[in-house]
Amino acid sequence: MDYRFKPINKTCAGTGQPLIPGSQCYSVLVEKNGIFERLDYSEEGWQGIPEGGIGCWRAQVPIPEEKRAETTDPETLMNYFEQIVENSNPHQEKICYVLALYLLQRRRLKLDGAEERDNVEYLQLSGSRGEGPFEVRDQQLPKDEISELQILLNQQLTTEWNAA
């Protein structure tokens, strides 16, 4: 049989105090009126399996994941991309490349091909709504540098576009 139970509660069933992320707790499966319920206890609140308990186990209270920053909608990113490509600032080539990769993932840009000139490869792109054509130099960046540039891009978008 397939059973589904809710995740660890935020409070101790015994003391009513919050369960501390990263701490150990006891989880018990209890049957009440034919319905299975999960109860979670802190170590301080644990006094053994309560009446109606079917099974128990020890668990760690999960540490909440960091909330991800809100992503900017693809239309805003497309507008920013068009502005960067149009200005063709050499200092923003890497940012432009990372933005193009993101827009390709979001299917807001299409890869029409690649062209090599003077041993440099350029991506030929067009917008999914007929924008372009655009040409972006393939930066061939390692993943860690792409991650760093994504952070920088998010900072730029926050200061330049959200302030506007």
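Residues numbered from 1 in each chain as written. Predicted model: local features only at pLDDT ≥ 70, side-chain atom pairs only at ≥ 80, totals over all residues. Heavy atoms only, no water.

Colleague: Please clarify how the pairing of strand S4 (residues 109–117) should be interpreted in this entry.
Modeller: Each regular strand carries side chains that alternate between the two faces of the sheet. The pairing of S4 with strand S5 (residues 120–127) spans 8 bridges and is antiparallel. Bridging from a neighbouring strand, Gly113 pairs with Gln124 of S5. What sits between the antiparallel neighbours S4 and S5 is a turn of 2 residues, in which Asp118 has the positive phi angle 55°. (Pairing = 2+ DSSP bridges. Helix = DSSP H or I, 4+ residues; strand = E, 2+ residues; numbered from the N terminus.)

Colleague: Can you help me understand the sheet that holds strand S1 (residues 24–32) in this one?
Modeller: In sheet architecture, strand pairing relies on hydrogen bonds along the backbone and comes in two forms, parallel and antiparallel. Read from one edge to the other, the open sheet built from 3 strands follows the order S2-S1-S3, with strand pairing classed as antiparallel. Edge positions in the sheet fall to strand S2 (35–42) and strand S3 (53–60), since each of these pairs with one other strand and no more. Averaged over all pairs of adjacent strands, the angle between strand axes in this sheet comes to 25°, irrespective of strand direction. (Axes fitted to C-alpha atoms, helices over the stretch in contact; angles between N-to-C directions.)

Colleague: Can you help me understand the state of the cysteines in this one?
Modeller: A covalent bond between the sulfur atoms of two cysteines is referred to as a disulfide. All chains considered together, the criterion is met by 0 disulfides. In this structure Cys25 is not part of a disulfide, and its nearest cysteine sulfur, from Cys12, lies 8.9 Å away. For Cys56, which is in no disulfide, the shortest distance to another cysteine sulfur is to Cys25 and amounts to 11 Å. (Disulfide = S-S within 2.5 Å.)

Colleague: Would you mind going over the packing of aromatic side chains with me for this structure?
Modeller: By convention here, two paired aromatic rings are described through the distance between centres and the angle between planes. Per the stated rule, a full pass over the model turns up 3 aromatic pairs. Aromatic pair Tyr26 and Trp46: ring centres 4.6 Å apart, planes at 10°, arrangement stacked. Of the two residues, Tyr26 is situated in strand S1 and Trp46 in the loop between S2 and S3; the sequence distance between them amounts to 20 residues. Trp46 matches Tyr26 in its accessibility class, with the two residues each being buried. (Phe/Tyr/Trp six-rings, centres within 6.5 Å; stacked < 30°, edge-to-face > 60°. Buried < 20%, exposed > 50% of the residue type's maximum accessible area, 1.4 Å probe, protein only.)

Colleague: Any chance you could explain the environment of Ile151 here in plain terms?
Modeller: Its place among the elements puts Ile151 in helix H3 (residues 143–161). Taking C-alpha positions, Ile151 is 14 Å from Leu77, a pair spaced 74 residues apart along the chain.

Colleague: Whenever I open this one, the pattern of salt bridges confuses me. Can you help?
Modeller: Oppositely charged side chains may form a pair once their charged atoms are brought near each other. Per the counting criterion, the structure on display carries 10 salt bridges. For Arg58, the salt bridge goes to Glu43, with nearest N and O atoms at 2.6 Å. Here Arg58 is found in strand S3, whereas its partner Glu43 is found in the loop between S2 and S3, with 15 residues between them in sequence. For Arg58, a relative accessible area of 46% gives the class partly exposed. The partner of Glu115 in a salt bridge is Arg117, with the nearest N and O atoms 2.6 Å apart. Each of Glu75, Arg108, Arg129 and Glu131 takes part in a single network of salt bridges with overlapping partners. (Salt bridge = Lys/Arg side-chain N within 4 Å of Asp/Glu carboxyl O.)

Colleague: Teacher, can you tell me more about a nonpolar patch on the surface here?
Modeller: On the surface, a cluster of nonpolar side chains totalling about 270 Å² of accessible area is made up of Phe5, Phe36 and Ile54. Within the secondary structure, Phe5 sits in the segment before S1. (Patch = residues over 30% accessible without salt bridge, like charges linked within 9 Å, V, L, I, M, F, W, Y side chains within 5 Å. Areas by Shrake-Rupley, 256 points an atom, 1.4 Å probe, with all protein chains shown as cover.)

Colleague: Help me understand the environment of Glu116, please; the structure alone is not making it clear to me.
Modeller: The topology assignment puts Glu116 in strand S4. Judged by its relative accessible area of 54%, Glu116 falls in the exposed class. Measuring from C-alpha to C-alpha, the distance between Glu116 and Asn79 comes to 26 Å, with 37 residues separating the pair along the chain.

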